[in-house]
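One-letter residues, chain by chain:
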Amino acid sequence: MASQETPNYRLSRWAGTDRILVEEFNDNWNKIDTALKSSADKAAALQTALAGAGNCEIKMLSYTGSGQYGTSSPTTVTFPKMPLVFFVKGKQSFMVAKGGESTGCVVLFEDPKMGGNVTTLALSWKGNKVTMVNEFGAKYQMNENESYWVLALCQK
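Definitions and limits used
Residues numbered from 1 in each chain as written. Predicted model: local features only at pLDDT ≥ 70, side-chain atom pairs only at ≥ 80, totals over all residues. Heavy atoms only, no water. Helix = DSSP H or I, 4+ residues; strand = E, 2+ residues; numbered from the N terminus. Rg over C-alpha atoms; globule rule 2.2 N^0.38 Å. Buried < 20%, exposed > 50% of the residue type's maximum accessible area, 1.4 Å probe, protein only. Contact = heavy atoms within 4.5 Å. Disulfide = S-S within 2.5 Å. Core = buried A, V, L, I, M, F, W, Y, C linked by side-chain atoms within 4.5 Å. Phe/Tyr/Trp six-rings, centres within 6.5 Å; stacked < 30°, edge-to-face > 60°. Salt bridge = Lys/Arg side-chain N within 4 Å of Asp/Glu carboxyl O. Pairing = 2+ DSSP bridges.

**Some words on the overall build of the protein**
(1) Moving on: Broken down by element type, the protein carries one helix and ten strands.
(2) Moving on: The linear arrangement of helices and strands in the protein, starting from the amino end, is β-β-α-β-β-β-β-β-β-β-β.
(3) Moving on: Taken over C-alpha atoms, the radius of gyration comes to 31 Å for the protein, far larger than the 15 Å a tight globule of 156 residues would show.
(4) Moving on: Seen through its C-alpha atoms, the protein measures out along the principal axes to roughly 95 × 40 × 20 Å.
(5) Moving on: Buried residues in the protein amount to 28% of all 156 residues.
(6) Moving on: Sequence-distant contacts in the protein: of pairs separated by 6 or more residues, those separated by 24 or more amount to 57%.

Below is the structure:
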């Protein structure tokens, strides 16, 4: 019979003079098997939880504006897939919109002392491609002769 137990799982531990009993020996294996199964179940549950963590893929794009605007010169951005929401940033402009919607909100920082203007931008969609049109000027259409970056949050 075992004269000691391990501190964590209460497994039998024998001294050299102890008599080993089959029941104690098999009981140890059962305890080890149960502990391993519990650890494997917890690891599987964590993997499942991790797979559902977050609901977005982040996509970063960029384009260079042409300085053109209006119906005959739309600004077009093609996303890897339809975004849930996207942001476009130029030197003194910022636009935000939901994927699939017909308008975006544009903020223009024209004069640091005066603040900015807020306006809407017409959007049209064909699959994962958005077309932006404004008849007042390239800056209102996010298409001045400058670099723009686009941050898209897409459904995972």
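**Examining the state of the cysteines**
(1) Moving on: Enumeration over the complete set of coordinates arrives at zero disulfides.
(2) Moving on: There is no disulfide at Cys-105, and the cysteine sulfur nearest it, in Cys-56, is 20 Å away.
(3) Moving on: Among the residues examined, Cys-105 registers a relative accessible area of 33% and is labelled partly exposed.

**A look at unusual backbone geometry**
(1) Moving on: We note that Met-142 has phi near 60°; this positive angle belongs to a residue other than glycine.
(2) Moving on: Within the secondary structure, Met-142 is located in the loop between strand E9 (129–133) and strand E10 (147–155).
(3) Moving on: Assessed through its relative accessible area of 0%, Met-142 is described here as buried.

**Examining the environment of Asn-26**
(1) Moving on: Relative to the helices and strands, Asn-26 is located in helix H1 (residues 22–51).
(2) Moving on: The exposure class assigned to Asn-26 is partly exposed, which follows from its relative accessible area of 40%.
(3) Moving on: Expressed as a C-alpha distance, the spacing of Asn-26 and Thr-131, which sit 105 residues apart in the sequence, is 71 Å.

**Describing the nonpolar core**
(1) Moving on: In terms of nonpolar packing, the biggest core is built from 19 residues, with Tyr-63, Phe-86, Val-88, Met-95, Leu-123, Met-132 and Met-142 touching the most fellow members.
(2) Moving on: Secondary-structure elements contributing two or more residues to this core are strand E5 (83–89), strand E6 (93–98), strand E7 (103–111), strand E8 (115–126), E9 and E10.
(3) Moving on: No other element matches E10, which puts four residues into this core.
(4) Moving on: The contacts of Tyr-63, once residues within four sequence positions are left out, are Thr-75, Val-77, Val-88, Met-132, Met-142, Asn-143, Glu-146, Ser-147, Tyr-148 and Val-150.

**Looking at the packing of aromatic side chains**
(1) Moving on: Summed over all chains, the structure comprises six aromatic pairs.
(2) Moving on: An aromatic cluster is built from Phe-79, Phe-86 and Trp-125, whose rings are joined through pairwise contacts.

**Comments concerning the pattern of salt bridges**
(1) Moving on: Taken as a whole, this structure holds five salt bridges when the rule is applied.
(2) Moving on: Across the salt bridge formed by Glu-57 and Lys-81, the nearest N and O atoms sit 3.3 Å from each other. Placement of the pair is Glu-57 in strand E3 (residues 56–64) and Lys-81 in the loop between strand E4 (75–78) and E5, with a sequence separation of 24 residues.
(3) Moving on: Overall, the relative accessible area of 30% leaves Lys-81 in the partly exposed class.
(4) Moving on: Each of Glu-57, Lys-59 and Lys-81 takes part in salt bridges that share partners, so that together they form one network.

**Structural notes on the pairing of E8**
(1) Moving on: Sheet topology places E8 next to E9; five bridges connect them, and they run antiparallel. From the neighbouring strand, Trp-125 faces E9, where its bridge partner is Val-130.
(2) Moving on: A loop of two residues connects E8 with E9, the two strands running antiparallel in sequence, and Gly-127 in this loop sits at a positive phi of about 65°.

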